[in-house]
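The residues making up each chain are set out below.
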Amino acid sequence: MFVSDLRKEFYDVIVNQRVLLLVASDVDALCACKILQALFQCDHVQYTLVPVAGWQDLETAFLEHKEQFKYLVLINCGANLDLLETLQPDEDTVFYVCDTHRPIDVINVYNDTQVKLLIKQDDDLGVPAYDDLFRDEDDENSEDSGNESEGSEPSGKRRRFDESAMVIFELAWIMSKDSNDMLWWAIVGLTDQWVHDKITHMKYVTDVGTVQRHVSRHNHRNEDEENTLSIDCMRIAFDYDLRLALYQHWSLYESMCNSSYTYANLKLWSMQGLKRLQEFLADMGLPLKEVRQKFNSMDISLKENLREMIEESANKFGMKDIRVQTFSVHFGFKNKFLASDVVYSAASLLENIEKDDGNENFIEALDSLSRSNLNKLQQGLELAKQQLRAIHQTVASCICTNLIISQGPFLYCYLQEGTPDVKLYSKPICMKLLCKHLLKCFARSTRNKRCKVLPLVMAAPMDLEKGTVIVIGIPPETESSDKKNFFGKAFEKAAESTSSRTLHDHFDTSIIELKTEDRSKFLDALISLLS
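Treat the numbers as computed from the prediction; the structure is a model and nothing was measured.

Colleague: How should the packing of aromatic side chains be read in this particular structure?
Modeller: Any two aromatic rings considered together are summarised by their centre-to-centre distance and by the angle between their planes. All told, the structure shown has 16 aromatic pairs when counted by the stated rule. Judged by centre distance (5.2 Å) and plane angle (70°), the ring pair of Trp-55 and Phe-507 falls under edge-to-face. With Trp-55 in helix 3 (residues 55-65) and Phe-507 in the loop between strand 13 (502-503) and strand 14 (511-515), this residue pair connects regions lying 452 residues apart in the sequence. A centroid spacing of 5.5 Å and a plane angle of 35° characterise the contact between Phe-487 and Phe-491, whose relative ring orientation is tilted. Placement of the pair is Phe-487 and Phe-491 together in helix 22 (residues 487-498), with a separation of four residues, close to one helical turn. The class for Phe-491 is buried, based on a relative accessible area of 0%. In textbook terms, an aromatic cluster arises when at least three aromatic residues are bridged by ring pairs, as seen for Phe-10, Tyr-11, Phe-40, Tyr-47 and Tyr-96. Seen from the ring of Phe-69, Arg-18 lies directly overhead, with NZ or CZ sitting 4.9 Å from the centre. Arg-323 extends its terminal NZ or CZ atom over the ring of Tyr-240, reaching a point 4.1 Å from the ring centre.

Shown next, in the form of structure tokens:
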């Protein structure tokens, strides 16, 4: 059932209980977790935190802890599968689910006692009417169901957020317990959803507008204290900045070569594209010596007008929207980060392949979000640069060696064992980023009009010992894309009809594991299913 009053129906219920907190491995979930931890600390709520990378982890954690906990909070996991069927809990166990994954399982929606969804009730969710699902229930119940949605109307009007961190921040705000740190985590959670293409640009811009009001509320008083900024002070600012990944912590040249936006628009996988990049830099009048050195060391007079210079030239090169609304944070005197910097850093720490321990990576990524751990954040930035470089080298080699084939209803690309950096792509966030970048670039490189509007299915080696591949499907690269992904169901049906050995363990159903030798029959089934 949808929770209409976050404070009364959720927080006030758990504040005097012991709570089990199950958190998925993505940056929005980490941020929601940080805000909730701060609230719990504030109110001395006893809780145990368990990171869960997929459904198997969730089941294991539940079985291990179900005797000690009756109240469970699930962040970015649990909404899109029938929880009671999957976990078989006792009747007095209650799940509070704050999850961005869609579609939501209807059984979770219509369970009034044990599943409470901290999710905005919205027409977009496409939840069937109660009567259509449970016709044999007596009239009383169906009336209840109608009342339920009426009851949540006033708060539905106010609550516009789909991002988990934003929902939990709103709870803090309703209770007047929100702080600047919590607001920053909410901003990073929102930015994560945008950077990783889980919400539309329109939705992002709308939410940014709402967040802006909180930013002015929390940060206006610092203007008088500008000259007396203390070392541990924190200031958030709204900004129009550039769609250039990590450029303030890199060289401008490296950032342009490794940002999805400039890479795709200038077609940097080709000699022609690299030539266009030189022309772009020349048009701005930026000497190569300056753009190739660390951003921090650039000539200060160039840096002062840099954004305007880049924007003016970008317009001539067909990059009219190189500027984007975002937020930055200042910690003390010298540390400045854009929200997207923190997203890239935390995501790369989560999927650090040098330490292949999911729980340790989770804790490191969570720690990197605290301002007392800036060295962790810096470490994540270095890892993120390596990942972005690898992704764009892979994109270039896939396009230049024609690895992307049209299979009829979709495009298909398979990364062979032995491909450089292939281990990176056994991780879901990194693999999905590669898919998005590759599809965007392919749509710009192909002359075939039909191929420009096809979805992409991609596979890469997952676990050599087990002989498995990771398979991901993403929707077509179109301006009006509503981010709805139909591949989860299609993967299930294709696996079923061919008895392919698959593991549907990810909370995002469009990501599965598949036995390598079942790849071709699975693919054939998928083609005929979607044709």
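Now that the structure is up, let's keep going.
Colleague: Hey, could you run me through helix 14 (residues 271-284) in this one?
Modeller: Because an α-helix packs 3.6 residues into every turn, residues spaced three or four apart end up facing the same way. Here helix 14 spans 20 Å end to end across 14 residues, near enough to the 20 Å set by a 1.5 Å rise per residue. Listed as buried for helix 14 are Gly-273, Leu-277, Phe-280, Leu-281 and Met-284. Seen from one end, helix 14 has its buried residues packed into an arc of 95°, which puts them on one side. Those residues of helix 14 that are exposed and aimed more than 90 degrees away from the buried face are Met-271, Gln-272 and Ala-282. Those residues of helix 14 hidden inside the fold are in contact with helix 12 (252-258), helix 13 (260-266), helix 15 (288-292) and helix 17 (306-316). The first or second residue beyond helix 14 is Gly-285, which carries a positive phi of 70°.

Colleague: How should I be thinking about the confidence of the model for the protein chain in this particular structure?
Modeller: Low-pLDDT portions of the prediction should not be read for the details of their coordinates. The share of residues in the protein chain with pLDDT of 70 or more is 89%, and the mean pLDDT across the chain is 90. Low confidence marks residues 137-160, where pLDDT is under 50. Its contacts with residues over four positions away, or in another chain, come to 31 contacts.

Colleague: Explanation requested: the sheet that holds strand 6 (residues 234-242) in the structure shown.
Modeller: Whether parallel or antiparallel, the strands of a sheet pair through hydrogen bonds between backbone atoms. Taken in spatial order, the three strands make up an open sheet running 6-7-8, and their pairing is antiparallel. Two strands in the sheet have a free side with no partner beyond their single neighbour: strand 6 and strand 8 (335-338). Across the sheet, the axes of successive neighbouring strands diverge by a mean angle of 30°, strand direction being ignored. Bridge count between strand 6 and strand 7 (residues 323-331): nine bridges; the pairing is antiparallel. By the bridge assignment, Leu-242 is partnered in strand 7 with Arg-323. Along the sheet, helix 17 contacts strand 6 and strand 7; its crossing angle with strand 6, the most-contacted strand, is approximately 25°. Each of strand 7 and strand 8 touches helix 20 (residues 374-400); the most contacted strand, strand 8, lies at about 50° to it.

Colleague: Please explain the nonpolar core as it appears in this structure.
Modeller: Here is a general trend for soluble globular proteins: nonpolar side chains tend to be buried in one another's company. One finds Trp-184, Leu-252, Phe-280, Ile-310 and Tyr-425 to be the most contacted residues of the largest nonpolar core, which totals 165 residues. With 12 residues, helix 20 is the single largest residue contributor to this core. What Ile-310 contacts, discounting residues up to four positions off in sequence, is Leu-242, Leu-244, Leu-252, Met-256, Phe-280, Met-284 and Ile-322. Within the second largest apolar cluster, 19 residues are counted, among which are Val-457, Ala-459, Ala-494 and Ala-495.

Colleague: It is not clear to me how the pairing of strand 11 (residues 456-463) should be interpreted in this structure. Could you clarify?
Modeller: Two faces, one strand: in a regular strand the side chains alternate between the faces of the sheet. Among the eight residues that make up strand 11, six are buried, leaving the element largely enclosed by the rest of the structure. Pairing analysis gives four bridges linking strand 10 (residues 411-414) to strand 11, with the strands arranged parallel. Directly across from Cys-413, in strand 11, lies its bridge partner Met-458. The parallel pair strand 10 and strand 11, bridged by helix 21 (residues 428-445), forms a crossover whose chirality is right-handed. Here strand 11 runs beside strand 12 (residues 468-474); their pairing, made up of seven bridges, is antiparallel.

Colleague: Where do I start with unusual backbone geometry in this structure?
Modeller: Phi is mostly negative for residues that are not glycine, and the peptide bonds are mostly trans. The residue after Arg-102, namely Pro-103, is reached through a cis peptide bond having omega -5°. Within the fold, Pro-103 resides in the loop between strand 4 (94-98) and helix 5 (106-109). We note that Gln-88 has phi near 50°; this positive angle belongs to a residue other than glycine. Its location among the elements puts Gln-88 in the loop between helix 4 (83-87) and strand 4. With a phi close to 55°, Asn-402 is a non-glycine residue in the positive phi region. Within the fold, Asn-402 resides in the loop between helix 20 and strand 9 (404-406). According to the relative accessible area criterion, Asn-402 is exposed, its value standing at 65%.

Colleague: Would you mind showing me how to read the pattern of salt bridges here?
Modeller: Pairs can form between side chains of opposite charge once their charged atoms are near each other. Evaluation of the coordinates by the stated rule reveals 23 salt bridges. With a closest N to O distance of 3.7 Å, Asp-197 and Lys-436 form a salt bridge. Of the two residues, Asp-197 is situated in the loop between helix 10 (180-195) and helix 11 (201-219) and Lys-436 in helix 21; the sequence distance between them amounts to 239 residues. Taking the relative accessible area as the measure of exposure, Asp-197 reaches 27% and is therefore partly exposed. When salt bridges that share partners are traced, they join Lys-355, Glu-360, Glu-364 and Lys-376 into one network.

Analysis parameters
Residues numbered from 1 in each chain as written. Predicted model: local features only at pLDDT ≥ 70, side-chain atom pairs only at ≥ 80, totals over all residues. Heavy atoms only, no water. Phe/Tyr/Trp six-rings, centres within 6.5 Å; stacked < 30°, edge-to-face > 60°. Helix = DSSP H or I, 4+ residues; strand = E, 2+ residues; numbered from the N terminus. Buried < 20%, exposed > 50% of the residue type's maximum accessible area, 1.4 Å probe, protein only. Lys NZ or Arg CZ within 6 Å of the ring centre and 35° of its normal. Expected span 1.5 Å × (residues − 1). Arc of directions from axis to C-beta. Contact = heavy atoms within 4.5 Å. pLDDT = per-residue confidence, 0-100. Pairing = 2+ DSSP bridges. Axes fitted to C-alpha atoms, helices over the stretch in contact; angles between N-to-C directions. Core = buried A, V, L, I, M, F, W, Y, C linked by side-chain atoms within 4.5 Å. Right-handed = clockwise from strand over helix to strand, strands pointing away. Salt bridge = Lys/Arg side-chain N within 4 Å of Asp/Glu carboxyl O.

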